[in-house]
Amino acid sequence: MIQMIQRILPHNPSRRTVVNHPRVEITRRWVETADQRCPLACVWFALREIGADQDDESELRRPAFSFFRLKAGRLQLINNLPAPSELAQSLKNSIHTIAAILLLGISFANAQEQELFDGRRGRSPKLPEAPSPADGTAPTTFPRSETSRFYIAGQANIIFQAHGPFHSPYEGANSFVGRGEYKTSLLGTLYLAAQLRRDPKTETDALFNLESAGGRGLSEALGLAGFTNLDVVRNPTLGSVPYMARAQLHQTIGFSDKLIEGTRTPFSLATQVPERRLEFFVGKMSLPDYLDINSIGSDSHQQFMNWTVDNNGAWDYAADTRGYTYAAVAEYDDKVWSARYALALMPTVANGIDLDWNLRRASGQNWEFELRKPLLGSLLPPDRKGVVRVLSYVNHAHMGLYRVANQAFVSGEDPTPDITKHETYGAVKYGFTFNAEQELNPNMRVFTRVGWNEGQHESFAYTEVDQTVEFGGDYSGRRWSRPYDKLGVAFVSNAIKKDHQDYLKLGGLGFLLGDGKLNYAREDIFESYYNLHAWRGVYYALDLQFIDHPGYNKDRGPVLVESVRMHVDF
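A brief structural summary. Residue indices follow the written sequence of each chain, beginning from 1 at its first position. A pLDDT threshold of at least 70 governs which residues receive local features in this predicted model, and a stricter bar of 80 or more applies before side-chain atom pairs are shown or counted, although totals over entire chains, interfaces and linings include all residues. With hydrogens and water stripped out, all remaining heavy atoms of the structure feed into the side-chain values.

Residues Arg445, Phe447, Arg449, Gly451 and Asn453 of strand β17 (residues 444-453) are buried on one face, while the alternating residues Met444, Val446, Thr448, Val450 and Trp452, pointing to the opposite face, are not. At least two bridges found by DSSP between two strands is the condition for calling them paired. For helices the rule is a DSSP run of H or I covering at least 4 residues; for strands it is a run of E covering at least 2, with both sets numbered from the N terminus onward. In the sheet, strand β16 (residues 423-439) pairs with β17 via 9 bridges, with the strands oriented antiparallel. Note on β17: the bridge partner recorded for asparagine 435 is arginine 449. From the end of β16 to the start of β17, which pair antiparallel, there are 4 residues. Bridge count between β17 and strand β18 (residues 467-476): 9 bridges; the pairing is antiparallel. For phenylalanine 447, the partnering residue across the bridge sits in β18 and is glycine 472. Only protein chains enter the accessibility calculation, which uses a 1.4 Å probe; a residue whose area is less than 20% of its type maximum is buried, one above 50% is exposed, and one in between is partly exposed.

Set out below in structure tokens:
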């Protein structure tokens, strides 16, 4: 095939030879699999530079990606972006977005070849095992030791999101903005850990994370129960100054001599653990690090981005504005099941940054049971893994009742519904969640979440959801020889109870929602993404989220949110 193309190219009359243009080089490329070596079906054209166009007075050579601006300018028609002068000023202030686009262009040039050959010196690469609820470790920019007493790693996640104008006959203080807008967020984390004791049966780890969250969310992260970007801090006034995200001690107590393989993570450094064991985590943490985990829909850096897809929206888990709290987690692991309990501090006010240290009047208690068994029994081969998790929680905090706030407004006591005026200590909010995932074949997995809470007390820590149902799945790129790529789709439908609906209908404001009035309907969200592994620890993703009835309001929407994400694992 290559010889045929070499004979054809010189005689192509549509191509004129230009002195400034480099010669097209045709290079044979090979794909190696576990049992064969075969040429690619396509040809790689190595165009190192693009010379100046004949009609261009400048004779300076420009890199291939320098013409991106000509194509990207058409995107202004899609999302009704501001005028060129305003756009230029905005791009000037969005250096992270520019950097992500440039790195995207550079990485695509040699990503495929480096991924298959870098560091292997001609040896056949070993593809990762079939995706399962316990995926293998993905590549990172720098290699990480599996034997060192110390652990150091990092990640950076840049997300650019935009949406065009949508139907919005009215808006309130907490509405998702009806005009077109775009925002960029940047989240960086440094993971540090050390093994204080290395005996697998009595392993002790010390963990510390430093984090910085910058940028903004669409509409300042208001107006949606299922917001579109989990990286966004809901209080932008906190700024991007680095802060302590996690600081913990992790202790393992083994009950059996049999050791099984363990995955080395920022939260547990042991590569071998007792099959039966008790583990304790104490310190500052995020509860979703240990509870409601789902290997298909929990990671906003490599998978879905929506709050109520990555976490169960009806689980109002204890956390401050940034998503962290001080807590103690106890976990017992056996061969096919695990049980967990977590006691955590609640915020002093709804979605506040300060925590209440008095456990007698405010606390979040969580229980979870996990069973690692196939969901469909004999309908699937026995090696197809499945997991079921059931969680319940009880929150004690300084909360108010929606019904009391509504009655105070109707009676004329309050000029507007305001639940913060009717908060009392000792209020109890509780709920239940169901979380399951199942491997269907070597490339495809599916998952579901269902959640419910009593809904009479105000949403206090995570988001304004009283009921949720979610299902989706992902598909591995192994099928098209890209083992670290993923394609994912998910649908989630969120709801709130009658008292909560009436509160918003009368003009009340929650910490996320409030259009001034409400024509109620469930908030339905469809999200899909493609996550592309470019080179070592560098990944890019395209994501679409279609949201019907934003903020549970039938009068507004639907809205389509487009996202581009760059993720780097160091």
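Checked against the element boundaries, isoleucine 496 lands in the loop between β19 (486-495) and α8 (498-505). Counting along the chain gives 29 residues from isoleucine 496 to glutamine 467, while the straight-line C-alpha distance between them is 6.2 Å. We call two residues contacting when some pair of their heavy atoms lies within 4.5 Å. Residue contacts for isoleucine 496: discarding those within four places in its chain leaves Glu464, Val465, Asp466, Gln501, Leu504, Tyr520 and Tyr552.

This part covers the side chain of asparagine 553. Inspection of the secondary structure assignment puts asparagine 553 in the loop between β21 (538-548) and β22 (559-569). In protein, a polar contact means a hydrogen-donor-capable atom and an acceptor-capable atom, both N or O and within 3.5 Å, with residues adjacent in sequence counting only if both atoms are side-chain atoms; elsewhere, any N or O pair within 3.5 Å suffices. In terms of polar contacts, asparagine 553 uses its side chain to reach the backbone carbonyl oxygen of lysine 517, at 3.5 Å. Residue contacts for asparagine 553: discarding those within four places in its chain leaves Tyr170, Asp515, Lys517, Leu518, Asn519 and Ala521.

We now examine helix α7 (residues 402-410). Along α7, the residues that are buried comprise Tyr402, Ala405, Asn406 and Ala408. Around the axis of α7, the buried residues are gathered within 160° of arc, so they sit on the same side. Each C-beta atom gives one direction from the helix axis, and the arc is the one those directions make.

With an omega dihedral of 0°, the bond running from glycine 557 to proline 558 counts as a cis peptide bond. Along the chain, the position of proline 558 falls in the loop between β21 and β22. Phi is positive for arginine 536, close to 45°, though the residue is something other than glycine. Unlike most non-glycine residues, histidine 549 shows phi in positive territory, near 60°. Structurally, histidine 549 is set in the loop between β21 and β22.

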